[in-house]
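Below are the chains, spelled out letter by letter.
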Amino acid sequence: MSAKHMDVVIVGAGFSGLYLLHKLRELGLSSRVFEAGGDVGGTWYWNRYPGARCDIESMEYSYSWSEELEQEWNWSERYSTQPEILAYINHVADRFDLRRDIRFDTRVAAASYDEASNLWTVELDSGESVSARHVVMATGCLSSPNLPDIPGMADFEGPTYQTGLWPHEGVDFTGQKVGVIGTGSSAIQSIPVIAEQAAELVVMQRTPNFVVPAHNRPLGADEIAETKAGYPALREQARDEAAGFLGSTVTIEAMALDTPEAERTAEFERRWNYGGLRFMASYPDIGMVMEANDTAAEFIRSKIRERVDDPETAELLCPKTYPAGAKRLCVDTGYFEIYNRDHVHLVDLKSTPIERITAKGVRTSTREYAFDAIVYATGFDAMTGTLDKIAITGRGGRRLKAKWRDGPETYLGLMSEGFPNLFLVTGPQSPSVISNMIVSIEQHVEWIAACIGDVGDGWIEPTREAEKSWVDHTNFMAGLTVYPYADSWYMGANIPGKPRIFMAYLGGVPGYRAICEDSRAKGYAGFTVS
Ligand code: FAD
Ligand code: N01
């Protein structure tokens with residue numbers, strides 16, 4: 001643990017950093033992981049809010065690179081809880097003896113490239129520094145929790161919580177009046193659980209979300225055995241699906257708008273009853289044409305109206321200002337039904353905005369709500385936020401944050417020109433958050449590890465031309481879809497002053513993989529290697 005120089009510095013010990021460490025060891029390279037948190041897990045270490053679980057089915061939201069691991073681990077539910085995913089990641093760390101090369105409670109503050117030595121110097125928040133030939137940012141897309149800047153936040157006398165920084169010891173809301181600000185995925189998962197404890201729960205909603213049911217349930221021994229028996233083929237199939245999970249490719253050829261309404265509704269109903277994110281992969285035009293999208297949106301709204309007793313509350317919960325799926329679709333367990341309980345209230349912040357946080361609670365334009373505790377379910381500075389916090393300096397003293405002032409610029413989401421040997425796992429302009437992230441993480445880790453092995457003591461960076469055309473291509477692909485029509489975190493819209501640009505690649509997981517593999521097969525086409 002005391003070495004000052006290594007082949008590779010890895011920042012982050014989530015799914016990405018752990019697999020990369022393992023992979024680099026296989027290549028005989030020395031590497032060290034620096035992790036700001038106290039243990040492994042990344043997302044699943046930090047997001048301990050009640051109700052946290054995955055929205056990709058457990059048997060798919062897991063590593064595929066070790067057959068033994070795949071066979072020995074048993075998931076208990078269709079969608080795993082945060083504690084179970086964290087237990088899995090801990091099991092992986094122990095089983096592959098990863099911890100000995102990880103330094104916890106250590107934040108990387110800066111990384112700078114020296115052209116003369118072709119080395120990176122990585123500065124830690126302890127004041128120490130280490131050097132490495134290569135640096136890999138396995139820092140996560142959703143790892144910088146966002147606290148809004150609401151006047152008076154420091155005045156509140158009770159405890160406050162951000163879902164992405166939940167206390168390890170948990171929180172007991174029994175008998176309390178609780179306010180939750182936000183209605184994204186974190187809120188939608190936590191609200192039904194908090195409501196079970198709280199004496200009164202007030203949900204403060206600025207924008208309602210499109211939500212599909214999880215239909216979560218325990219996994220039976222037979223289906224686990226069946227999946228395990230067919231794992232290699234299932235994993236291969238997932239890698240060939242548009243978003244890296246089974247059922248994410250649109251297979252129906254007819255357009256929604258050309259399909260008779262009764263038939264279309266029956267298809268939506270079938271997907272609704274199956275549950276989960278497959279809902280959006282129905283017709284080819286749903287993600288591309290607003291009018292087609294609205295057929296799916298209206299179906300979801302009809303379900304909200306069925307589930308919520310009070311028509312006024314139901315209308316407030318119906319998203320109407322952006323296309324379905326253009327913000328990350330939420331997957332729920334009992335979310336809407338919670339509004340049928342007498343002790344749960346919805347406040348519409350669009351018509352009655354928050355004016356300030358007070359000593360006792362939250363004051364909107366019409367009244368003050370008194371709370372014992374406030375939960376900020378207010379999301380993340382996604383994709384670029386975590387990288388922006390590290391002072392990354394490349395060739396000629398150029399800062400990555402400055403280069404990305406008008407939006408991230410990468411080639412394939414893997415590297416950025418002017419920053420040799422600096423790799424990004426699931427970086428901006430790769431499928432990342434649009435996909436089953438484990439599939440995308442594995443693909444990136446394998447590409448990066450092979451590249452580092454090939455480059456050795458040399459260097460690699462993208463050409464400016466390749467990078468510019470990739471950024472243009474990414475924007476072009478986004479422009480073909482309805483995604484840019486929502487004020488989403490995908491677009492940077494949730495962070496004041498952040499450039500508005502769609503930050504992920506929408507060309508699909510298999511096509512993207514083929515482009516990466518093609519580049520490598522052609523001796524890293526689009527990159528300069530020395
Ligand atoms: P992370 O898990 O974010 O790990 C990055 C690590 O880097 C963190 O531990 C962080 O502390 C560390 N780090 C960052 N900066 C520094 C620094 N400067 N110095 C040191 N350490 C640093 N994806 C799916 O595909 N399916 C899901 O169902 C799903 N559910 C999710 C649920 C929640 C609540 C959230 C927030 C995200 C979810 N995601 C899901 C996305 C999830 O982030 C990824 O699936 C995956 O866990 C990311 O792994 P990672 O290792 O790339 O990043
Ligand atoms: O964050 P979000 P999240 N005043 O940004 C509101 C993954 N994830 O943590 O929409 C009032 O989606 C904001 O309102 P608006 C998944 O990829 C997955 O919930 O900006 N409200 C919004 O309602 C997900 O997409 C799971 O108008 C304010 C909410 O806060 C991503 O992480 C579970 C506000 C933020 O929603 C982020 O999800 C959890 C303000 N000043 C997370 N500022 C799974 O299910 C913000 N809001 C797998």
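The rules behind these values
Residues numbered from 1 in each chain as written. Chains lettered and ligands numbered in written order. Predicted model: local features only at pLDDT ≥ 70, side-chain atom pairs only at ≥ 80, totals over all residues. Heavy atoms only, no water. Helix = DSSP H or I, 4+ residues; strand = E, 2+ residues; numbered from the N terminus. Rg over C-alpha atoms; globule rule 2.2 N^0.38 Å. Buried < 20%, exposed > 50% of the residue type's maximum accessible area, 1.4 Å probe, protein only. Right-handed = clockwise from strand over helix to strand, strands pointing away. Pairing = 2+ DSSP bridges. Contact = heavy atoms within 4.5 Å. Polar contact = N/O pair within 3.5 Å; in protein donor to acceptor, adjacent residues only side chain to side chain. Core = buried A, V, L, I, M, F, W, Y, C linked by side-chain atoms within 4.5 Å. Axes fitted to C-alpha atoms, helices over the stretch in contact; angles between N-to-C directions. Near = heavy atom within 4 Å. Areas by Shrake-Rupley, 256 points an atom, 1.4 Å probe, with all protein chains shown as cover. Expected span 1.5 Å × (residues − 1). Arc of directions from axis to C-beta. Patch = residues over 30% accessible without salt bridge, like charges linked within 9 Å, V, L, I, M, F, W, Y side chains within 5 Å. Salt bridge = Lys/Arg side-chain N within 4 Å of Asp/Glu carboxyl O. Lys, Arg positive; Asp, Glu negative; His and termini not counted. Charge placed at Lys NZ, Arg CZ, Asp CG, Glu CD. Bend = angle between axes of the 7 residues up to and from the residue. pLDDT = per-residue confidence, 0-100.

K.L.:
What exactly am I supposed to notice about the overall build of the protein here?
P.N.:
Per the secondary structure count, the protein includes 15 helices and 20 strands. Computed over the C-alpha atoms, the radius of gyration of the protein is 23 Å, within 12% of the 24 Å expected from 2.2 N^0.38 for a compact globule of 530 residues. With the principal axes as the frame, the protein shows a C-alpha extent of 65 × 55 × 45 Å. When the 530 residues of the protein are sorted by exposure, 57% land in the buried category.

K.L.:
Would you explain the pairing of strand β8 (residues 177-181) in this entry?
P.N.:
Strand residues, when the strand is regular, have side chains that alternate between the two faces of the sheet. Most of β8 sits inside the fold, with 4 of its 5 residues counted as buried. Following the chain from β8 across helix α5 (residues 185-197) to the adjacent parallel strand β9 (residues 200-205), one finds a crossover that is right-handed. Here 4 bridges tie β8 to strand β16 (residues 373-376), and the two strands are oriented parallel to one another. Within β16, the residue paired with Gly179 across the bridge is Ile374.

K.L.:
Which parts of the structure should I look at to understand the environment of Glu77?
P.N.:
Structurally, the position occupied by Glu77 is in the loop between α3 (67-72) and α4 (82-95). For the pair formed by Glu77 and Asn47, sequence separation is 30 residues and the distance between their alpha carbons is 19 Å. In this structure Glu77 touches Arg53, Ser58, Glu84, Asn216, Arg217, Pro218 and Leu219, once residues within four positions along its chain are discounted. At a separation of 3.1 Å, a polar atom in the side chain of Glu77 contacts the side chain of Arg53.

K.L.:
Just checking my understanding: could you explain the side chain of Ser430 for this structure?
P.N.:
Following the sequence through the fold, Ser430 ends up in the loop between β18 (422-424) and α13 (437-455). What Ser430 contacts, discounting residues up to four positions off in sequence, is Leu412, Gly413, His444, Ala504, Tyr505 and Tyr512.

K.L.:
Please explain the nonpolar core as it appears in this structure.
P.N.:
A general feature of soluble globular proteins is that nonpolar side chains tend to end up buried together. If you look at the biggest cluster of nonpolar residues, it comprises 133 residues, and the most contacted ones within it are Phe15, Tyr63 and Tyr339. Of the residues forming this core, the biggest block, 10 residues, is contributed by α13. Beyond its immediate sequence surroundings of up to four residues, Phe15 is in contact with Trp44, Tyr61, Tyr63, Ile85, Tyr88, Ile89, Ile438 and Ile441. Core analysis: the second largest hydrophobic core is formed by 22 residues, Val130, Leu387, Ile392 and Leu422 among them.

K.L.:
What am I meant to see in the sheet that holds strand β15 (residues 368-370) here?
P.N.:
By way of backbone hydrogen bonds, the strands of a sheet pair with one another, either parallel or antiparallel. Strand order in the open sheet made by the 3 strands is β13-β14-β15, with antiparallel pairing throughout. What marks the edges here is a single partner per strand, and that holds for β13 (354-357) and β15. Neighbour-to-neighbour, the strand axes of this sheet turn through a mean angle of 20°, independent of strand direction. In this sheet, β15 lies alongside strand β14 (residues 361-364) in antiparallel orientation, the contact comprising 3 bridges. Paired with Arg363 across the bridge in β15 is Glu368.

K.L.:
It is not clear to me how the site of ligand 1 should be interpreted in this structure. Could you clarify?
P.N.:
Every one of the 33 residues lining ligand 1 counts as a neighbour, but Ser16, Glu35, Thr43, Asp55 and Tyr61 are closest to it. One nitrogen or oxygen atom from the main chain of Phe15 is found 3.0 Å from an oxygen atom belonging to ligand 1. One of the backbone N or O atoms of Ala36 is found 3.0 Å from a nitrogen atom in ligand 1. Protein contacts shield 95% of the accessible area of ligand 1, which totals 980 Å² for the unbound molecule. The dominant element in the shell around ligand 1, judged by the number of residues it contributes, is helix α2 (residues 43-46), at 3 residues.

K.L.:
Please explain helix α8 (residues 261-274) as it appears in this structure.
P.N.:
Three- or four-residue spacings in an α-helix give side chains the same orientation, since the helix completes a turn every 3.6 residues. Relative to the 20 Å expected for 14 residues at 1.5 Å per residue, α8 spans 20 Å between its end C-alpha atoms, a close match to the ideal helical length. Along α8, the positions that sit buried rather than exposed are Arg264, Glu267, Phe268, Arg271 and Trp272. Projected onto a plane normal to the axis of α8, the buried residues spread over an arc of 140° and lie on a single side. In α8, the exposed positions that point more than 90 degrees away from the buried face belong to Ala262 and Arg270. Of the surrounding elements, those touching the buried residues of α8 are β10 (211-213) and α9 (290-307). Of the residues one or two after α8, Gly275 is the one with positive phi, at around 95°.

K.L.:
Is there a simple way to think about the sheet that holds β16 in this case?
P.N.:
The parallel open sheet is built from 5 strands, whose spatial order is β7-β16-β8-β9-β12. The sheet is open, and its two edges are formed by β7 (160-162) and β12 (344-348), each paired on a single side. The sheet shows a mean angle of 20° between the axes of neighbouring strands, taken without regard to direction. The pairing of β7 with β16 spans 3 bridges and is classified as parallel. Of the residues in β16, the one forming a bridge with Gln162 is Tyr376.

K.L.:
Any chance you could explain a positive patch on the surface here in plain terms?
P.N.:
On the surface, a cluster of positive charge is made up of Arg107, Lys389, Arg399, Lys401 and Arg405. Of note, Arg107 is situated in the loop between β3 (102-103) and β4 (108-114). Residue classification places Arg107 among the partly exposed positions, given a relative accessible area of 46%.

K.L.:
When you look at the environment of Thr321 in this model, what are you seeing that I'm missing?
P.N.:
Within the secondary structure, Thr321 sits in the loop between α10 (311-317) and β11 (330-332). A sequence separation of 113 residues divides Thr321 from Pro208, and the C-alpha atoms of the two residues are 9.1 Å apart.

K.L.:
Got a minute to help me understand α5 in this structure?
P.N.:
Remark: the principal bend of α5, roughly 35°, maps to Ile191, with a proline, Pro192, within the next four residues. Ser186, Ala187, Ile188, Gln189, Ser190, Ile191, Pro192, Ile194 and Ala195 are the residues of α5 that are buried. Looking at the buried side of α5, the elements it contacts are β8, β9, β10, β11, β12 and β16.

K.L.:
Which parts of the structure should I look at to understand the confidence of the model for the protein?
P.N.:
The predicted structure's coordinates, where accompanied by low pLDDT, should not be read in detail. Looking at the protein as a whole, the pLDDT averages 98, with 100% of positions reaching at least 70. Scored as a complex, the prediction yields pTM 0.98 and ipTM 0.99.

K.L.:
Can you help me understand the pattern of salt bridges in this one?
P.N.:
Side-chain pairs of opposite charge can arise whenever the charged atoms involved come near each other. Scanning the entire structure with this criterion turns up 42 salt bridges. Notably, a salt bridge pairs Arg53 with Glu77, separated by 3.1 Å at the nearest N-O pair. Of this pair, Arg53 sits in the loop between α2 and α3 while Glu77 sits in the loop between α3 and α4; the two residues are 24 residues apart in sequence, bridging distant segments of the chain. Residues Asp101 and Arg100 are paired through a salt bridge, measuring 3.9 Å at the closest nitrogen-oxygen approach. Looking at Asp101, the relative accessible area reads 13%, which means it is buried. Overall, Arg100 belongs to the partly exposed group, its relative accessible area being 48%.

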